Amino acid sequence: MSEQRIVIDPVTRIEGHLRVEVVVDENNVVKEAYSGSTLWRGIEQVVKGRDPRDAGFFTQRICGVCTYSHYRAGIVAVEKALGIVPPLNAELTRTLMNAALYLHDHVVHFYQLHGLDWVDIVSALEADPRKASEEAFKYCETPYATGADKLKEVKEKVAAFAKKGNLGPFANAYWGHSTYRFTPEQNLIVLSHYLECLSMQRTIAQMMAIFGSKNPHPQSLTVGGVTCVMDLLSPSRLGEYLTKFKETVDFVNRAYYPDILMAAKAYGNEPSVLNDVGVANFLSYDEFLVGRNDNLFQSGIVLNGDLSKVYEVDDMKITEEATRAWYKDDKPLHPYDGKTDPNYTGLVDMKTLDGHGKMIDTKVFDAKGKYSWIKAPRYEGKPMQVGPIASIVVNYARGNKRVVPIVDKFLQETGLPINAIFSTLGRTATRMLEAKVVADHGLTAFNNLIENLKTDQETCAKYVIDNKKEYKGYFAGNAPRGALSHWCRIKDGVITNWQAVVPSTWNASPKDANGIRGSYEECIIGLKIADLTQPLEIIRKIHSYDPCIACAVHVMDTKGNKISEYKINPNL
């Protein structure tokens, strides 16, 4: 059999407009990969000409998941441009909201978005609830929702779906795949936590809304500080945050951590999740201010997976190019000078393999031309991998006193070496480890806020702008999915240019002018697929990055005219 193209579109359980195509040889080994977004974000065009104070409310609409990250980025970029310094109370409040976002994002990612890549739900229906309950105690002294009676209830609930011929939210997956490694009892344990997480994410969303007014799309940040003054001065509201934070920590410690520990042991010898680091260059920023000049996570760059050296980040060395992206200007540009002018060149015709093993006519990415709405960010011309893996790698290499003990304990419990982090398994584990750091140390910000409020109740700095001057500034920090930066230029009192370099832009980058791949594409190369009609191995790798492409096409006509209309057949 000659080489053939496999198309996975959409990559589901995240958002529905990420497409991955691979070329496999006669042995089902991936020789080439293409990762592309099929929708245009365009938010940069929407904020042009607007009052800088409005930017954050628009930029948070980039994403329906990490809305707070883009909200904060839009606010801080303007603050940096205008030289406005928020009070400490505002900074710490923003951290508390950020903690809610991270904890929500990471637990939901594993259980609702990525867990079923590791867990065979159908296998769980064969589990012995009593044995499963005993199994849970191997990974936690007080496991969460894993009593024999509870597991029996979970098993019966899912079995009821199966008897109706419908697995509900668990339908349409590759059950029974040869690369699953959990026992039926282990599958049942994680299944129980999957269902528990549906309730837990509501609690964490409420935690965000305490200071953010609502979730998603909180609205209490403003250029200069925060507006939730009455909530900060209310003992009952502070107590409510504390209670919900502790509930979340309990879930992280008794469900999330043990489940990843169990996965690390079960999948420690599974080839399809190991030795696939993707891009071995890691970029991460300072994040989680918990006190004056005190961040939980520190910035840095690690190159070629070498933990012996951490380089300082110089944001002026970042560029984006569009050689293989659907934009007009191909050359590398710094984000301050970035352009977002679309140039869609379409797909090409090819025969590909469908999910039933038949060759069909398909529209595929142009392997020689442009094939994604995502640009290719580079740091000194190098692709970078961002995300919790980069955060943990950089901070472990730096000897971060809050990170190193947690990582070392996990490695000791799993028996895995540190280089096991450089893999799909590692990306999944480091996301949990990052949540664990936030769970263990996030209340440092809460306690410092309480102390500071006793003598200082300032929450917002004055907004000052000279409409005769030109300004530029940027935000550089981390979102749950990794390094995030927003860049703005202001002239005549309004925004004249805006660029956002988001985590999934780094990781899902198409090839650049030199043919160098981004991390999604790179981590798939060399992968052997057991069954071309069930490419679970590819899905698992891509999901481990927690891909978050734009939630919608943000295109508008200033006169309110309809631009275009689309009809989608859900049965295709």
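None of the values given here were measured: they were computed from a predicted structure.

Engineer: Looking at this structure, how should I read the layout of surface pockets?
Structural biologist: In this structure, the second largest pocket occupies an estimated 800 Å³ of space. As for the second largest pocket, its lining consists of 28 residues, of which Val76, Lys80, Glu91, Leu289 and Asn295 are closest to the centre. Elements with a minimum of two residues in the lining of the second largest pocket: helix H3 (67-82), helix H4 (88-114), strand E7 (287-291) and strand E14 (470-479). The greatest single-element share of the lining of the second largest pocket, amounting to five residues, is contributed by H4. Looking at the lining of the second largest pocket residue by residue, the classes come out as twelve nonpolar, seven polar and nine charged.

Engineer: Which parts of the structure should I look at to understand the packing of aromatic side chains?
Structural biologist: Any aromatic ring pair is given by two values, namely how distant the centres are and how the planes are angled relative to each other. The final tally for this structure, using the stated rule, is 27 aromatic pairs. Relative to Tyr267, the ring of Trp118 has its centre 4.8 Å away and its plane inclined at 85 degrees; by these criteria the two rings are edge-to-face. Taken together, the positions of Trp118 in the loop between H4 and helix H5 (121-124) and Tyr267 in the loop between helix H10 (235-266) and strand E6 (282-284) put the pair 149 residues apart, joining distant regions of the chain. With respect to class, Trp118 is no different from Tyr267; both count as buried. Both rings, one in Tyr144 and one in Phe251, keep their centres 5.2 Å apart while their planes meet at 90 degrees; by these two values the pair is edge-to-face. Of the two residues, Tyr144 is situated in the loop between helix H6 (129-136) and helix H7 (148-163) and Phe251 in helix H10; the sequence distance between them amounts to 107 residues. One exposure class covers both Tyr144 and Phe251, and it is buried. Every member of this aromatic cluster is reached through a ring pair, and the members are Phe110, Tyr111, Tyr144, Phe251 and Tyr256. Here Arg19 stacks its cationic end above the ring of Phe365, 5.2 Å away from the centre of that ring. The positively charged end of Arg427 is found above the aromatic ring belonging to Tyr545, 4.0 Å away from the centroid.

Engineer: Would you take a moment to explain helix H12 (residues 404-414) for this structure?
Structural biologist: Each α-helix turn comprises 3.6 residues. Residues three or four places apart therefore point the same way. Looking only at H12, the buried set comprises Val404, Ile406, Val407, Phe410, Leu411 and Thr414. Taken down its axis, H12 places every buried residue within 170 degrees of arc, on the same side. In this structure, the buried residues of H12 make contact with H10, helix H11 (388-398) and helix H13 (424-441). One or two positions beyond H12, positive phi appears at Gly415, with a value near 75 degrees.

Engineer: I would appreciate a short explanation of the sheet that holds strand E2 (residues 18-24) in the present structure.
Structural biologist: Strand pairs in the sheet, formed through backbone hydrogen bonds, run parallel or antiparallel to each other. Taking strand neighbours across the sheet as the criterion, the five strands line up as E3-E2-E1-E11-E12 in an open arrangement whose pairing is mixed. Strands at the two margins of the open sheet, each flanked by one partner only, are strand E3 (30-37) and strand E12 (359-364). Across the sheet, the mean angle from the axis of one strand to that of its neighbour is 40 degrees, orientation sign disregarded. Bridge count between strand E11 (residues 348-353) and E12: six bridges; the pairing is antiparallel. Bridge pairing links Asp349 to Lys363 in E12. Contacting strand E1 (4-8) and E2, helix H17 (residues 536-543) crosses the sheet at an angle of about 135 degrees to E2.

What counts as what
- Residues numbered from 1 in each chain as written.
- Predicted model: local features only at pLDDT ≥ 70, side-chain atom pairs only at ≥ 80, totals over all residues.
- Heavy atoms only, no water.
- 1 Å grid on protein atoms, 1.4 Å probe; cavity = no way out; pocket = protein on both sides within 12 Å on 5 of 7 lines; lining within 4 Å.
- Points joined across faces, edges and corners; volume = space filled by probe spheres on them.
- Helix = DSSP H or I, 4+ residues; strand = E, 2+ residues; numbered from the N terminus.
- Nonpolar A, V, L, I, M, F, W, Y, C, P; charged D, E, K, R; others polar.
- Phe/Tyr/Trp six-rings, centres within 6.5 Å; stacked < 30°, edge-to-face > 60°.
- Buried < 20%, exposed > 50% of the residue type's maximum accessible area, 1.4 Å probe, protein only.
- Lys NZ or Arg CZ within 6 Å of the ring centre and 35° of its normal.
- Arc of directions from axis to C-beta.
- Contact = heavy atoms within 4.5 Å.
- Pairing = 2+ DSSP bridges.
- Axes fitted to C-alpha atoms, helices over the stretch in contact; angles between N-to-C directions.

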